[in-house]
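Chain residues, written in single-letter form:
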Amino acid sequence: METDADTKLYALIGNPVTKSLSPFIHNYVFDFLNQNKIYIAHKIDKGNLANSIKAIKALGYGGINVTTPHKINVIEYLDDLDVSAKNIGAVNTIKIVEGKLMGYNTDGIGFLDMLEENEVELRGKKSLILGAGGAARAIAIILAGTQISHLSVSNRTNERADLLIEELRQVNKEIVFSNAFKKHNFREFDLVINATSVGMFPNIDETPIDLEMINEDAILCDIVYKPHLTKFLKLGLERGHRVIFGIEMLIAQALASQEIWQGTKIDKVEIKRELQERFS
Ligand code: NAP
């Protein structure tokens with residue numbers, strides 16, 4: 001990729017960012033679209049967030065992605081929030097137009113896009129989310145807007161799951177929401193989503209749940225993408241489950257950020273195929 005005086009800047013801010021796949025994905029998209037834009041990663045400590053946002057504005061960046069630990073704190077520096085970020089209470093994408101910063105969240109959209117790509121039927125299905133952190137929240141809130149019949153949450157820190165469930169009950173009265181913390185088996189669930197960081201590199205031998213507790217017909221989805229084949233999905237494949245890989249959501253949420261920055265839909269089929277092959 002070549003840069004010149006007109007190259008438009010995009011970036012990821014967070015800490016850590018060294019292992020992020022976002023620079024590869026976004027630079028691939030800019031190349032694919034033949035655009036004079038470049039995406040870099042900035043390691044930003046909590047104490048440097050305010051100055052970094054000022055600098056990003058001053059330097060004329062077109063947009064940024066935001067990751068841990070700034071997804072919530074960044075909101076106070078923004079001019080406006082899209083409904084996707086308002087609903088989730090966190091921002092992972094910022095579009096900058098004429099110095100004004102607009103915050104979005106593409107995690108939920110990316111998750112739904114991934115399910116659609118995999119032709120997962122949601123109507124009347126029972127879904128279990130493991131985790132109640134930032135990504136789990138985004139997934140839970142987007143699922144609460146679908147036609148699933150039941151949504152349960154199980155989290156190591158049970159109070160966080162309770163809080164999330166209370167919130168979800170306000171979003172949609174048609175869905176049965178429950179806490180699965182005390183359950184001894186999860187055989188009723190059609191879709192089991194690992195939205196914890198359990199199994200993520202370097203703790204690759206950990207699984208978020210004993211698979212014996214899950215129905216063999218359940219679809220397993222792991223949003224952890226490093227490693228590509230997590231222990232949860234590996235054991236799932238051995239038991240004959242249909243599995244969905246975290247990289248698919250990562251690519252889908254990145255392409256949703258791109259569409260926000262580009263201000264238009266992009267033809268994602270080939271980009272997705274190429275990127276998924278690259279990371280599998
Ligand atoms: P987060 O806000 O820090 O939440 C972490 C979640 O994992 C919490 O529910 C936490 O439980 C749970 N957890 C952590 N260690 C645990 C352990 N040893 N045992 C049981 N539960 C544990 O992080 P996040 O932003 O939601 O991200 C979670 C994972 O999703 C990360 O691996 C991240 O890379 C991945 N992710 C993937 C995508 C994608 O596009 N594929 C997008 C976003 C995130 P407590 O509440 O008890 O602490």
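Preceding block: the structure.
For the structure given in this document, a descriptive report is provided here.

Reading the values: rules and limits
Residues numbered from 1 in each chain as written. Predicted model: local features only at pLDDT ≥ 70, side-chain atom pairs only at ≥ 80, totals over all residues. Heavy atoms only, no water. Pairing = 2+ DSSP bridges. Helix = DSSP H or I, 4+ residues; strand = E, 2+ residues; numbered from the N terminus. Axes fitted to C-alpha atoms, helices over the stretch in contact; angles between N-to-C directions. Contact = heavy atoms within 4.5 Å.

1. Description of the sheet that holds strand E6 (residues 100-104)
Thought 1: As summarised here, the arrangement of the six strands in space is E2-E1-E3-E5-E6-E4, forming an open sheet in which the pairing is mixed. A strand with exactly one partner marks an edge of an open sheet, and here the two such strands are strand E2 (37-43) and strand E4 (80-81).
Thought 2: Both strand E5 (residues 93-97) and E6 contribute to a ladder of five bridges, which runs antiparallel. By the bridge assignment for E6, Lys 95 is matched with Met 102.

2. Describing the sheet that holds strand E7 (residues 126-130)
Thought 1: Taken in spatial order, the six strands line up as E9-E8-E7-E10-E11-E12 in an open sheet, and their pairing is parallel. What marks the edges here is a single partner per strand, and that holds for strand E9 (176-179) and strand E12 (242-244). Strand-to-strand twist across the sheet, computed as the mean angle between neighbouring axes with direction ignored, equals 15°.
Thought 2: The pairing of strand E10 (residues 191-194) with strand E11 (residues 219-222) spans four bridges and is classified as parallel. When the bridges of E11 are listed, Asn 194 appears paired with Asp 222.
Thought 3: Packed onto the sheet, helix H5 (residues 134-143) meets E7, strand E8 (150-154) and E10 and runs at close to 165° relative to E7.
Thought 4: On the sheet, helix H6 (residues 158-171) packs against E8 and E9 and is oriented at approximately 170° with respect to E9.

Remember that the coordinates give geometry; whether it matters functionally is a separate question.
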